[in-house]
Each structure stands twice: as C-alpha cells, then as structure tokens.
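In case you want the letters, here they are:
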Amino acid sequence: MERSEEHFTRNIAAQVKALRMARAMTIEDLADLSGVSRAMISRIERSQASPTAALLARLCSALGLSLSAFFEETETTGSPLARRETQAVWRDPETGYRRRSVSPPGTGARVDVVEVEFPPGATVRFAAQPASRNQWQHVWLFEGEMELAVGDETYRLTPGDCLHMNIGEVHSFHNPTPMPSRYAVIIDLGGR
C-alpha cells in the first residue's frame, strides 16, 4: 500500500517544527526570514495546512536547506532498497503536482532521485533559494512537455530531453499543455 499523503503531511509538519527548534528559532524568526506569515507556519506545524511547493521552498531556504535536503531529512530508514509502496509521496495543494521520493532514504547518498507528475497548465514559481546554490539537478522528461525558467533562460522540454541546472537558479516549472507531464529529477545534494 502506498504511503498516504496525510502521513507525509504530518511528517512535513514535524520536520518544519524540529528544524526550526534545532536552530533555536521562534515562529516569528522563521516568519521574518521566510516571508511566510506566523499564522501559516503555526498551521503547517500543527498539520492544519499543507504548504505549497513554493511556500515550502521559502521555509526551507530560511532554514538553510533545499527542498530535497528537507525531504531527505524526513526519512531515516537507511535501507538500500526503496519499494514503490514505501516511497514518500507529497502533493502540492495549490497545483496538484505529485512528488515521489524514489531514492532509498537515510543512505547518506549525495544523489536524490524524485519522480514528478505535473498537471496540465500548472505552474510552480520559486523565490530565490540561496540554500540551494551548491546543488545541481537534472530534469529528465518522460511524458508531456515542460517549460523551465532558469536564470535568464526559459527551456522547453519534450520527451527524452534532459536539462541540467543549478537549483538556486530555478524560477519556475510550467506545463504549457492540456496533458499531464511526468519527469525525473536527479539531484546532486552537494556539500551536505
């Protein structure tokens, strides 16, 4: 049985709170650094709200992590095998995109593999992500089409295309078509 998104949302809530507390930050400190309201952070930490991808990226940046490092932190099994039914899945409540953590968690590997299903017409925009400047990723498109704004360039990917980029330079992911897109993100977690 695939792990529930509700379970994963609870893990996100616990992880945000644990990281904030480990850094001796108050909710107000995190709000000031991330630009996310105190009320929203409180709701996220109590599992009353599921953060959007863009909002979670802002929280992660304020906590000194990338999204991938954040999701890696939520898992600690250490097994070399991650069966599909145990892989963590998270759905962005704003766009509906699904992020599946494919890599076996807790292994200490420098590479993270993520599968994404991106809905038709959806867009996710990211603010500057300073914590991600030392990380690089490949986006390898399997189905559909995607437009990625990276630095000053916009790239349109079709099936089989692979784009390499600095994670801190990514501004947006957009599916310009009426069909879903599916792709893999292969992330070099760098100097974690």
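Focus: the side chain of Arg 20
- Note that Arg 20 resides in helix H1 (residues 5-22).
- Setting aside residues up to four positions removed in sequence, Arg 20 forms contacts with Met 25, Thr 26, Ile 27, Leu 30, Glu 45 and Leu 63.

Quick look at unusual backbone geometry
- Phi is positive for Ala 24, which is not a glycine, with a value near 55°.
- Relative to the elements of secondary structure, Ala 24 occurs in the loop between H1 and helix H2 (27-34).
- In this model, Ser 47 sits at a positive phi of 60°, which is unusual for a non-glycine residue.
- Position of Ser 47 among the secondary structure elements: in the loop between helix H3 (38-45) and helix H4 (53-62).
- Accessibility expressed as a relative area gives 34% for Ser 47, which makes it partly exposed.

Examining the nonpolar core
- Within the largest apolar cluster, 45 residues are counted, with the highest numbers of intra-cluster contacts made by Phe 70, Phe 118, Leu 148, Phe 173 and Tyr 183.
- Looking at this core element by element, the count peaks at seven residues for H4.

Cut-offs used in this document
- Residues numbered from 1 in each chain as written.
- Predicted model: local features only at pLDDT ≥ 70, side-chain atom pairs only at ≥ 80, totals over all residues.
- Heavy atoms only, no water.
- Helix = DSSP H or I, 4+ residues; strand = E, 2+ residues; numbered from the N terminus.
- Contact = heavy atoms within 4.5 Å.
- Buried < 20%, exposed > 50% of the residue type's maximum accessible area, 1.4 Å probe, protein only.
- Core = buried A, V, L, I, M, F, W, Y, C linked by side-chain atoms within 4.5 Å.

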